[in-house]
Amino acid sequence: MPKSTEHIDLLLFDRFSGMCLANAVEPLRAANDLTGKRLYSWRFLTVDGGPVRSSSGMHVSAEGRLADHRGDMLIVLPSYGFLAHATPATRRALRAAAMRYGVMAGFDTGAWLLAQAGLLDGHQATIHWEELPHFEETFPEVDVMRLRHVSDRNRITCTGALAAFDLTLDRIGASHGAALRLEVAMLFMAPGAAPSVLPPMASSRMVARALSAMRAAIEEPRPIPEIAKLAGCTVKDLERRMHAEFSETPAAIYRRMRLILARKCVLETDLPIAEVALRAGYENASAMTRAFKAEFSTTPRAMRQGR
């Protein structure tokens, strides 16, 4: 396993949110798959090493006791019924874990358990919106923020499943670049979904608007001046912002978005390559194949044969 692998453990409790768990680990899995590298590893732990059941009844066998492991980050994920887990044993386990993990994170209601252990004192933090008032009253030492997710030094908190996805994307981008973040985000996006239900694709609103316009016009690509107009800026401003965020031109990012969609069709469907080309905005299969090979170092047919 390469030294660059980030080791993340997830501490689960009975009635944890399966959706929050998936949103925390699936982007990591996608980052590994897209790069062909073990950028991330993860394990599911419990305080006592026993199995747990999600809020929807999904059984998960723990890979061990928290006390027996260490890593780069521990994500505490209790979700529903979290007050029942706010026990002296949990408090001791988390305090000890803070000495073995570089980052302590609380997802959904996990911030409550971290705060009870004194691990959020003097830190900015957030929690699921339903618990915000009670959280603020119970832990005056915590600087409570009404944000989707908060990172303050080596403490991270987020409000729930959707925020967990956004947070994980942001961490992928911070560690491995905005281009990979965008690529991972696109894997989970439905082409017709409204921008309001999608994760933010860029930190700049101008760039995010441009990317949304590109995503909406994959099959029939629009010229960059038109994309800039939809983003509310000049081509020069868009080029400057795109380069600052992705180190590439708008045209290069647009091409990559189209090829990402083509790769998804190649791997997940049996559509003819000519049809894949049309869906990715290419007039013919030969043009797409040349661009595809330049981007992914293989042809669509070879990739499909090796899937």
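Here we summarise the structure given alongside this text. Just so you know, these numbers come straight off a predicted model, no measurement behind them.

Cut-offs used in this document
- Residues numbered from 1 in each chain as written.
- Predicted model: local features only at pLDDT ≥ 70, side-chain atom pairs only at ≥ 80, totals over all residues.
- Heavy atoms only, no water.
- Helix = DSSP H or I, 4+ residues; strand = E, 2+ residues; numbered from the N terminus.
- Buried < 20%, exposed > 50% of the residue type's maximum accessible area, 1.4 Å probe, protein only.
- Contact = heavy atoms within 4.5 Å.
- Areas by Shrake-Rupley, 256 points an atom, 1.4 Å probe, with all protein chains shown as cover.
- Lys, Arg positive; Asp, Glu negative; His and termini not counted.
- Charge placed at Lys NZ, Arg CZ, Asp CG, Glu CD.
- Expected span 1.5 Å × (residues − 1).
- Disulfide = S-S within 2.5 Å.

1. Comments concerning the overall build of the chain
Next, step 1: Summing up its helical and strand segments, the chain has 13 helices and 10 strands in all.
Next, step 2: Here the chain holds 307 residues, and the buried ones make up 51% of them.
Next, step 3: Within the chain, residue pairs in contact and separated by at least 24 positions form 62% of the contacts whose partners lie at least 6 positions apart.
Next, step 4: Within the structure as shown, the chain displays about 14700 Å² of accessible surface, and the carbon and sulfur contribution to it stands at 52%.
Next, step 5: Taking the average place of the 38 positive charges on the side chains of the chain and the average place of its 33 negative ones, the gap between the two points comes to 4 Å.

2. Observations concerning helix 1 (residues 18–35)
Next, step 1: Taking 1.5 Å of rise per residue, the 18 residues of helix 1 would be expected to cover 26 Å, and the 26 Å separating its terminal C-alpha atoms lies within 8% of that figure.
Next, step 2: Listed as buried for helix 1 are Gly 18, Cys 20, Leu 21, Asn 23, Ala 24, Val 25, Pro 27, Leu 28, Ala 30, Ala 31 and Asn 32.
Next, step 3: On its buried side, helix 1 packs onto strand 1 (6–12), strand 2 (40–45), strand 5 (71–77), strand 6 (101–107), helix 5 (161–176) and helix 6 (178–187).
Next, step 4: Looking one or two places after helix 1, you find Gly 36, whose phi comes out positive at around 70°.

3. A closer look at the state of the cysteines
Next, step 1: Within this structure, the stated rule accounts for zero disulfides.
Next, step 2: Of all cysteine sulfurs in the structure, the one in Cys 158 sits closest to Cys 20, which takes part in no disulfide; the separation is 5.3 Å.
Next, step 3: Judged by relative accessible area, Cys 20 falls into the buried class, the value being 1%.

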